[in-house]
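# Observations on the model geometry
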Amino acid sequence: MTSTTAETATAAQAGAPELAEAELLIGGMTCAACAARVEKKLNRMDGVTATVNYATEKARITHPVTVPVADLISTVVRTGYTAEEPAPEPPPGDEAEESGPDAADPGPDALRTRLTVSALLAAPVVLLAMVPALQFDNWQWLSLTLAAPVVVWGGLPFHRAAWTNVRHGAATMDTLVSLGTLAAFGWSLWALFLGDAGMPGMRHGFDLTVSRTDGASAIYLEAAAGVTVFLLLGRWLEARSKRRAGAALRALMELGAKDVAVLREGREVRIPVARLAVGDRFVVRPGEKIATDGTVTEGASAVDASLLTGESVPADVGVGDAVTGATVNAGGRLVVEATRVGADTRLARMARLVEDAQSGKAEVQRLADRVSGVFVPVVLLISAATFGGWLGGTGDTVAAFTAAVAVLIIACPCALGLATPTALLVGTGRGAQLGILIKGPEVLESTRRVDTVVLDKTGTVTTGRMTLHEVYALAGTPEEELLRLAGAVEHASEHPVARAVAAGAERRAGRLPDVAAFVSVPGRGVRGRVEGREVAVGRLHDELPPAAARAVDEAEGNGRTAVVVAWDGEVRGVLAVADAVRETSAEAVAELRRLGLAPVLLTGDNRRVAESVAAAVGIDEVIAEVLPEEKVAVVERLRAEGRTVAMVGDGVNDAAALATADLGLAMGTGTDAAIEAGDLTLVRGDLRVAADAIRLSRRTLATIKGNLVWAFGYNVAALPLAAAGLLNPMIAGAAMAFSSVFVVSNSLRLRAFH
């Protein structure tokens, strides 16, 4: 049961309304204020909790089942925007027509056309206004002819959105843009037709700041056209960057195979992956993608998972091994039995985790949303106050008007709304490419504060698989014979230690002989007849000869499990078995230390084994002989000492501790329970990715904060300059557009994270 389902069930039992979740695609949003407005309207509905993300143009809504989705959609529509549920995924290989808000919304291509035409028309207008030497007789009428289409048609997206907002009694960024450009254009029309500006021979100076002129002869066509072009440029760059920012998630979702060769009555039948069912057996040839998660039933090969996990070295698989959908068969022919299909596959769950993270909001984003929600009305008041202040102080209508328009244009809180979502989009998308899944944006806040990392030993620092290490053959016993006879008996047992001995013996001594009269003695080991000899393997520690006792002590001193081998009533040797330390664990621990984290090894194993593993990887603090249910208490004790704790684990018995820690990192090679409980999922079974995950999270959070500092600082610094008359409206428009482009470009730098 997922946490959401559990909460729903609990709520129902308590008499509270049963809750459901919905996702809507929102169309027509042009800034963070739009998103804040939609979110506020939805949250006013009884029992509804909504989060609207401007960058992804989606609303995530929790609502009572008694409130139909149609009511949610109508609320959004009444607010002035479009909304609809996402279309179901088309069958693989089919081309679905683009629909929904994105289809109606001008994308980068449509905006580029509008921008190109507007820029070509506005360039002569700006040049004529800025360079008095170019001003011929009646130049102002040519400027009007060229500027009118730019302001009316080029600025249509801003005017349309502003009008929609006015009808619904709201003000957004588009209100500021539309008011500013239309005011400049309207003033120019008045001056041309009713004032002196239309007279032949009229000349117009240009100043970056407010200058006193005769209002009847002043035109601002270059400001109206120039601002429109700069804002269109900013909007186009923003749309293009948003598309690039979401490219990692789209690429992840498109990784899967489109069709699959299923075995039907011994014949291969090619079907779309969407029709694959659990239990189906399918064929994967060399070079093909594995269609879905499954278990190998025939064949052996190497599987390349680099597209999914970032791991560059293919992993060998054989009969009984699990394989993941979207990985590539790099070697021989495999027959795989499907164990998970559709939305249950590892790829689908990865994509869902990434999308959930991108749709959520960090605490810093909620602050930005609150600010942008009240920012536009405040700017309108500042603009009116600027106009009144200049008019009252100087009596110069033109100077008052210019300063007021500059305030309107420069104050657009675009950068504020983009600061967090774009960094999240890029950061989580890049994480997915590297095999790091960030469950939600609030996780980023935790990574900054963490100072202690608790590492579960088995399956995290070690491989989780017992391996034969040393062989101590007593005098007169050939090592190969010791391995053959011990391996033959152990091959009949399912115990992890027995499997390690059998596999090691087969690898070192070749094919193992058959065993007869096999007997397993719990807690003691196994016995059997091999090639006419009575062989015993296990914990035969009673009355060991001195050489065997020394071998046992040496093995256990090295943190190994000692297995004694005897036949015909005489001890012949000792085998040392241990859970192998991952090759990359020492490097990972060193990297975690460089990030300022103190590593702690946590295990249920005995202290000698734990200390041996800790020494091998460079960990000083060891907490050993801990029962699974005591792991939570250990994490809570560390937190009580004032530490901020990250926990890395992979098993069912780690799930509670992962959930209790300030930051839970689940190894993606582990159990579903651990992955569900973790805040970050490391798709690869490599502890080094834990350090990468923390570095990426911290880098993303730093980028968000840098964006917000720029956006807040820009508006705080620019508004007084504009109100003081130190900025021409056209320069203000260029600066405003640059602010948004800077924020998005800064976020896109996360794509280079390694």
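All figures in this text were calculated on a predicted structure; none of them were measured in a lab.

Assigned secondary structure in the protein consists of 27 helices and 26 strands. Taken across its 754 residues, the protein has 53% of its residues classed as buried. Counted over contacts in the protein with a minimum sequence separation of 6, partners at least 24 positions apart contribute 69%.

When charged atoms on two side chains of opposite charge get close, those side chains can pair. Enumeration according to the criterion identifies 22 salt bridges in this entry. The partner of Asp-280 in a salt bridge is Arg-264, and the shortest N-O contact between them spans 3.5 Å. Taken together, the positions of Asp-280 in the loop between strand S6 (267–272) and strand S7 (281–284) and Arg-264 in strand S5 (residues 259–264) put the pair 16 residues apart, joining distant regions of the chain. Look at Asp-280 and you get buried, because its relative accessible area is 14%. Arg-264 sits in the partly exposed class, given a relative accessible area of 35%. One salt bridge connects Glu-641 with Arg-637, and the closest N-O pair in it is separated by 3.3 Å. A relative accessible area of 39% means that Arg-637 is categorised as partly exposed. Overlapping salt bridges, with partners in common, bring together Glu-591, Arg-594, Asp-692 and Arg-695 in one network.

On to the packing of helix H6 (residues 139–154) against helix H7 (residues 156–167), then. Two numbers describe how H6 lies on H7: the axes approach to 5 Å, and their chain directions differ by 45 degrees. In terms of orientation, H6 lies oblique with respect to H7. Of the residues in H7, those in contact with Val-151, Val-152, Trp-153 and Gly-154 of H6 are Leu-156, Pro-157 and His-159. Within the contact of H6 with H7, the residues separate by chemical class into 5 nonpolar, 2 polar and no charged.

Below, the discussion takes up the packing of aromatic side chains. Scanning the entire structure with this criterion turns up 4 aromatic pairs. Measuring from ring centre to ring centre gives 5.3 Å for Trp-141 and Phe-193, while their planes differ by 70 degrees; the resulting arrangement is edge-to-face. Of this pair, Trp-141 sits in helix H6 while Phe-193 sits in helix H8 (residues 173–193); the two residues are 52 residues apart in sequence, bridging distant segments of the chain. For Trp-141, a relative accessible area of 26% gives the class partly exposed. Judged by centre distance (4.6 Å) and plane angle (40 degrees), the rings of Trp-710 and Phe-742 are tilted. Taken together, the positions of Trp-710 in helix H26 (residues 688–723) and Phe-742 in helix H27 (residues 729–748) put the pair 32 residues apart, joining distant regions of the chain. Aromatic ring contacts, followed pair by pair, group Trp-187, Trp-190 and Phe-401 into a single cluster. The positively charged end of Arg-114 is found above the aromatic ring belonging to Trp-153, 4.8 Å away from the centroid.

For the rest of this paragraph, the subject is the sheet that holds strand S16 (residues 462–473). Taking strand neighbours across the sheet as the criterion, the 6 strands line up as S16-S21-S20-S19-S18-S17 in an open arrangement whose pairing is antiparallel. Each edge of the open sheet carries a strand with a single partner, namely S16 and strand S17 (516–521). Along the sheet, successive strands turn relative to each other by an average axial angle of 20 degrees, direction set aside. Note: strand S18 (residues 525–530) against strand S19 (residues 533–538), 6 bridges, orientation antiparallel. By the bridge assignment, Val-530 is partnered in S19 with Arg-533.

Moving on, we come to helix H22 (residues 607–617). Buried within H22 are the following residues: Val-609, Ala-610, Val-613, Ala-614 and Val-617. The arc enclosing the buried residues of H22, seen along the axis, measures out at 130 degrees, which places them on a common side. As for H22, its buried residues are in contact with helix H17 (457–461), S16, strand S21 (570–581), helix H21 (585–594), strand S22 (598–602) and strand S23 (621–623). One or two positions beyond H22, positive phi appears at Gly-618, with a value near 90 degrees.

Turning next to a nonpolar patch on the surface. Judged by side-chain polarity, Leu-127, Met-130, Val-131 and Leu-134 come together as a nonpolar surface patch covering roughly 320 Å² of accessible area. Inspection of the secondary structure puts Leu-127 in helix H5 (residues 108–130).

Attention now moves to helix H19 (residues 496–509). Under the 1.5 Å per step criterion, the end-to-end length of H19 is 20 Å for 14 residues, consistent within 8% with the ideal 20 Å. Summarising the contacts, the buried residues of H19 are in contact with S16, helix H18 (479–490), strand S20 (561–567) and S21. Of the residues one or two after H19, Gly-510 is the one with positive phi, at around 90 degrees.

Now for a positive patch on the surface. A contiguous patch of positive charge, built from Lys-40, Lys-41, Arg-44 and Arg-78, is present on the exposed surface. Considering the arrangement of structural elements, one finds Arg-44 in the loop between helix H2 (32–43) and strand S2 (49–53). Of the residues examined, Arg-44 reaches a relative accessible area of 58% and is grouped as exposed.

Taking the numbering used here, the UniProt-annotated feature "transmembrane region" (unreviewed entry) corresponds to residues 115–133, 139–156, 176–195, 215–234, 371–392, 398–426, 707–724 and 730–748. Across residues 115–133 one finds 84% helix and 0% strand; the C-alpha atoms that close the span lie 28 Å apart. A helix fraction of 94% and a strand fraction of 0% characterise residues 139–156, whose end C-alpha atoms lie 25 Å from each other.

Turning next to the nonpolar core. Ranked by size, the top nonpolar core spans 48 residues in total, and within it Ile-436, Leu-455, Leu-601, Leu-663, Leu-665 and Leu-680 carry the most contacts. Among the elements that make up this core, the one with the highest residue count is H26 (9 residues). The next biggest cluster of nonpolar side chains, apart from the first, holds 34 residues, and it includes Ala-122, Ala-147, Leu-232 and Trp-236.

In most cases, non-glycine residues show a negative phi, while peptide bonds are predominantly trans. In this model, Glu-265 sits at a positive phi of 55 degrees, which is unusual for a non-glycine residue. One can find Glu-265 in the loop between S5 and S6. Positive phi, normally seen in glycine, also occurs at Asp-568, with a value near 55 degrees.

Polar contacts involving the side chain of Asp-280 include one to the main-chain amide nitrogen of Ala-277, which spans 3.0 Å. Once residues lying within four places of it in the same chain are set aside, the contact partners of Asp-280 are Val-262, Arg-264, Arg-275, Val-336, Glu-337 and Ala-338.

What follows deals with the environment of Ala-598. Locating Ala-598 in the fold gives a position in strand S22. C-alpha separation for the pair Ala-598 and Arg-643, spaced 45 residues apart in sequence, amounts to 9.9 Å. Filtering out sequence-adjacent residues up to four positions away, Ala-598 remains in contact with Asp-451, Thr-452 and Val-453.

Another point: the environment of Ala-548. Structurally, Ala-548 is set in helix H20 (residues 546–557). A C-alpha to C-alpha distance of 7.2 Å links Ala-548 and Leu-474, two positions 74 residues apart in sequence. Not counting residues within four places of it along the chain, the set of residues in contact with Ala-548 comprises Leu-474, Val-571 and Val-574.

Take the pairing of strand S15 (residues 452–456) next. With 5 of its 5 residues buried, S15 lies for the most part within the structure. Covered by surrounding structure in S15 are Thr-452, Val-454 and Asp-456 together with Val-453 and Leu-455, the residues of both alternating faces. Here 5 bridges tie S15 to S22, and the two strands are oriented parallel to one another. Following the sheet pairing, Thr-452 is matched in S22 by Ala-598. Relative to strand S24 (residues 645–649), S15 is paired through 4 bridges, and the arrangement is parallel.

Cut-off values and rules
- Residues numbered from 1 in each chain as written.
- Predicted model: local features only at pLDDT ≥ 70, side-chain atom pairs only at ≥ 80, totals over all residues.
- Heavy atoms only, no water.
- Helix = DSSP H or I, 4+ residues; strand = E, 2+ residues; numbered from the N terminus.
- Buried < 20%, exposed > 50% of the residue type's maximum accessible area, 1.4 Å probe, protein only.
- Contact = heavy atoms within 4.5 Å.
- Salt bridge = Lys/Arg side-chain N within 4 Å of Asp/Glu carboxyl O.
- Axes fitted to C-alpha atoms, helices over the stretch in contact; angles between N-to-C directions.
- Parallel < 35°, antiparallel > 145°, perpendicular 65-115°, else oblique.
- Nonpolar A, V, L, I, M, F, W, Y, C, P; charged D, E, K, R; others polar.
- Phe/Tyr/Trp six-rings, centres within 6.5 Å; stacked < 30°, edge-to-face > 60°.
- Lys NZ or Arg CZ within 6 Å of the ring centre and 35° of its normal.
- Pairing = 2+ DSSP bridges.
- Arc of directions from axis to C-beta.
- Patch = residues over 30% accessible without salt bridge, like charges linked within 9 Å, V, L, I, M, F, W, Y side chains within 5 Å.
- Areas by Shrake-Rupley, 256 points an atom, 1.4 Å probe, with all protein chains shown as cover.
- Expected span 1.5 Å × (residues − 1).
- Lys, Arg positive; Asp, Glu negative; His and termini not counted.
- Charge placed at Lys NZ, Arg CZ, Asp CG, Glu CD.
- UniProt positions renumbered as here; feature names shortened; annotations may be inferred.
- Core = buried A, V, L, I, M, F, W, Y, C linked by side-chain atoms within 4.5 Å.
- Polar contact = N/O pair within 3.5 Å; in protein donor to acceptor, adjacent residues only side chain to side chain.

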